Every structure is written in structure tokens, then in C-alpha cells.
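Below are the chains, spelled out letter by letter.
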Amino acid sequence: MKAIVVTDPDAGTAGMTLAERPDPETARLASLDGANYGDVVVEVHASGFTGDELEWPSTWVDRLGRNRTPSIPGHEVAGVVTSLTYGTAGLSVGQRVFGLTDWTRDGTLAQYVVVEARNLAPLPGDIDFTVGASVVMTGLTAWQGLFEHGHLSVGQSLLVHGAAGAVGSMVAQLAREAGAHVIGTGRAAHHQSALDFGAHEFVDLDNDTLEDVGGVDFVFDVFGGDIGARSARLVRGGGTFVTVTGPPEVRPADGLAVDFVVVSDRAQLGEIAQRVREGRLRTHIGQVANLDDAVAAFNPAQKVNGKTIIRMQ
């Protein structure tokens, strides 16, 4: 099968190459080599990729610390189940699915991927594979940060960074629907997009003063660094600071600080899919490329705002 592979941790996305990799035939036959109890093989129709996953140790070594290169990156998938191993529950051959794959196994930038069935959810037939792949990581990150870790409630004020970006746009939409007052941030060029995705107000981080926002009940940080530190100081007493950039260097003076790693969840994926179907949740896709052009897509001449999705042909 065709796949994007990486072998050099220092090369970044420039080190990606298109290669032939073994087709997971053994997994299809449910043998002990290449598949585990409860695995399924998915024919990939669309795949997402998160740029910083090439910095994750799990991209390069397995759970025992052994080198696993050449490895296939990408962990967001939408596709069709082609075979099942023993112990699989809730899915069937020929079913459309979407979800996140295990961080320490070969990923989704390939024509086929082996995934634990529990990490997948049914993808309704009226949701395109491209859309399905684009809402997995972004939607789950927003959902878990807001509701599972942050316990967002009606009437709270929420500051979300990158409100026109892939994750931030999801946060803005879900938070507004939940009854929060949403303040989005970003560059001036993203002002209208942030408002279109649900922000009530917008802060231009290049020209406005972040601190003029005043106190807020909730911060959802996707930037970290200086912006994250300054934002943590804006959290009111009893408020919440949620970040996806790692343990925060600065915490609210009288509030909760949470950093988390997103996980796949079938029920949450179902909630996200339902909102997509009803038009209550829109994904932000920056560009779509095929697998043959994936390396160039991940090394664009100009920055692309939104999610890059790879469609298989």
C-alpha cells in the first residue's frame, strides 16, 4: 500500500516521504502478527495530520521505548471497515467510521490502517469522509477541553485563542451553543471568520491589548508561551484555564489549570457527528490534497489557516 513515512525525528515535515509499505493482510486475517484482539482494518478515505505530532516521542518509539521507524504519521481517520479481528464489538465490515488511532501505532496517512474498534464511531452516510476526518481531533479536543475537563456552564465568559483556527473554531461554536459569552483571538485577517464561527467579540493579538479583555471565567489556550501565561492571569477566582500545549508555566491565582491529551471517545464522536448533520457545527478545512501530494501539502509555500486533509484515491 502507499503511505507517508518518517524516519528522522530532526527533519520535521520535510522528512516525510511517500513509500510502499506492507499491506496489513495479516491483520485482515486476524492473525497474531499485526493485529490485536478487538482491532479492525479500515480502508482510509480521508486522513488528518497534526503538525506537532512529529515532536511526540510516540511517533518514533513504541510503548517499550523501541525504535519503530519507518513510522506512518497521522491519527485522524474516516473510512470503511474492511475486516475485523476477534473481540470486535459495535462495528461491522463495510461500515463507514471515523475516529482517532493509537499514538504508538502506524497512523492514517496510508491506504489502510489498523485501529482498535473502541476508538472508532459510525460515520453517518450524509457526512463526507473529508468532513469526518477533519472533525475528529479538533472536535474531540474542543469537546473534552470544554465539557469533560473544564466543565463549562451557561453564562460563563470564555476566551478562546485561535478562534478562526481548526481547534479554536470548534471551541467557539460549542461554547456559544452551550450558552457562554465567547471572546475569540487571532490575527486581524481572521476577525470576521472568528465571528462567523461563533465568537461574540474579537481581540486582534497584533494590535489590541489582550489584558483589556478584563477578567474571564474560562480560557481555552492553544498557543502556550507568552500568550498562554498572560491569559492565565485573566482567569477570575474560581475560573478555569485549559490548555493543549502542555503543563502551563503560569496558573490562575485562584482557579483551576488543566492540560490534557485528547483521546478517542465513541459517544463524544456521536455527539459531534449529530451537530455536523444538523448544521450546528462547521469544520474549518484549509486545504484538501491527495496522498501523492501530501508531502507538499504539509510543507506549503504559504501558511494555510484551517485543517489540511488528505483524501485517498
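Counting restarts for each chain: residues are numbered from 1 in the order of the written sequence. With the structure being a predicted model, the display of local features is reserved for residues of pLDDT at least 70 and the display and counting of side-chain atom pairs for 80 or more, all residues being used for whole-chain, interface and lining totals. Side-chain metrics in this entry use all non-hydrogen atoms of the structure; hydrogen atoms and water are not considered.

### Here we look at the nonpolar core
What counts, and what does not: Among the buried residues, those of types Ala, Val, Leu, Ile, Met, Phe, Trp, Tyr and Cys that are joined through side-chain atoms within 4.5 Å form a nonpolar core. Buried means the residue's accessible area, taken with a 1.4 Å probe over protein chains only, is under 20% of the maximum for its type, while exposed means over 50%, and partly exposed covers the values in between. By the criteria applied, helices consist of DSSP H or I runs no shorter than four residues and strands consist of E runs no shorter than two, each listed in order from the N terminus. By the convention used here, residues are in contact when the closest approach between their heavy atoms is within 4.5 Å.
Of all hydrophobic cores here, the largest spans 45 residues; its most connected members are F98, L146, L158, V160, V171 and F220. No other element matches helix α2 (residues 129-149), which puts nine residues into this core. Those residues in contact with F98, other than ones at most four positions away along the chain, are V77, A78, N119, L120, A121, P122, L123, G132, V135, V136, L269 and A273. In terms of nonpolar packing, the next biggest core, distinct from the first, is built from 33 residues, V40, V41, W60 and L109 among them.

### Quick look at the pattern of salt bridges
As a working rule, side chains carrying opposite charge can pair if their charged atoms are close by. Stated precisely, the cut-off is as follows: Put simply, a salt bridge is a Lys or Arg side-chain nitrogen that is within 4 Å of an Asp or Glu carboxyl oxygen.
Under the criterion given, the structure shown has 17 salt bridges. With a closest N to O distance of 3.3 Å, R68 and D106 form a salt bridge. Of this pair, R68 sits in the loop between β3 (39-48) and β4 (76-84) while D106 sits in the loop between β5 (96-100) and β6 (112-116), and the two are 38 residues apart along the sequence. Look at D106 and you get partly exposed, because its relative accessible area is 31%. In this structure, the salt-bridge partner of R236 is D217, at a minimum N-O distance of 3.2 Å. Pair noted here: R236 is in strand β12 (residues 235-243) and D217 is in strand β11 (residues 216-221), with a separation of 19 residues, a long-range link. Residue class for R236 comes out partly exposed when judged on its relative accessible area of 39%. Three or more residues joined by partner-sharing salt bridges are found here, namely E177, E271, R275, E278 and R280.

### Notes on the packing of α2 against helix α6 (residues 266-277)
Put simply, the rule is: Note on definitions: angles span 0 to 180 degrees between N-to-C directions of axes, and those axes are lines fitted to C-alpha atoms, for helices only across the stretch in contact. Comment on the angle field: the value is read as roughly parallel under 35 degrees, roughly antiparallel over 145, roughly perpendicular from 65 to 115, and oblique elsewhere. Here a crossing is taken to be left-handed if its near helix is turned anticlockwise relative to the far helix by less than a right angle, and right-handed if that turn runs clockwise.
One can describe the packing of α2 onto α6 by two numbers: an axis separation of 9 Å at closest approach and a directional angle of 115°. The orientation of α2 relative to α6 falls into the category roughly perpendicular. Judged by the sense of rotation from one axis to the other, the crossing of α2 with α6 is right-handed. Across the interface between the two elements, V131, V135, V136, G139, L140, W143, Q144 and E148 of α2 pack against Q268, L269, E271, I272, R275 and V276 of α6.

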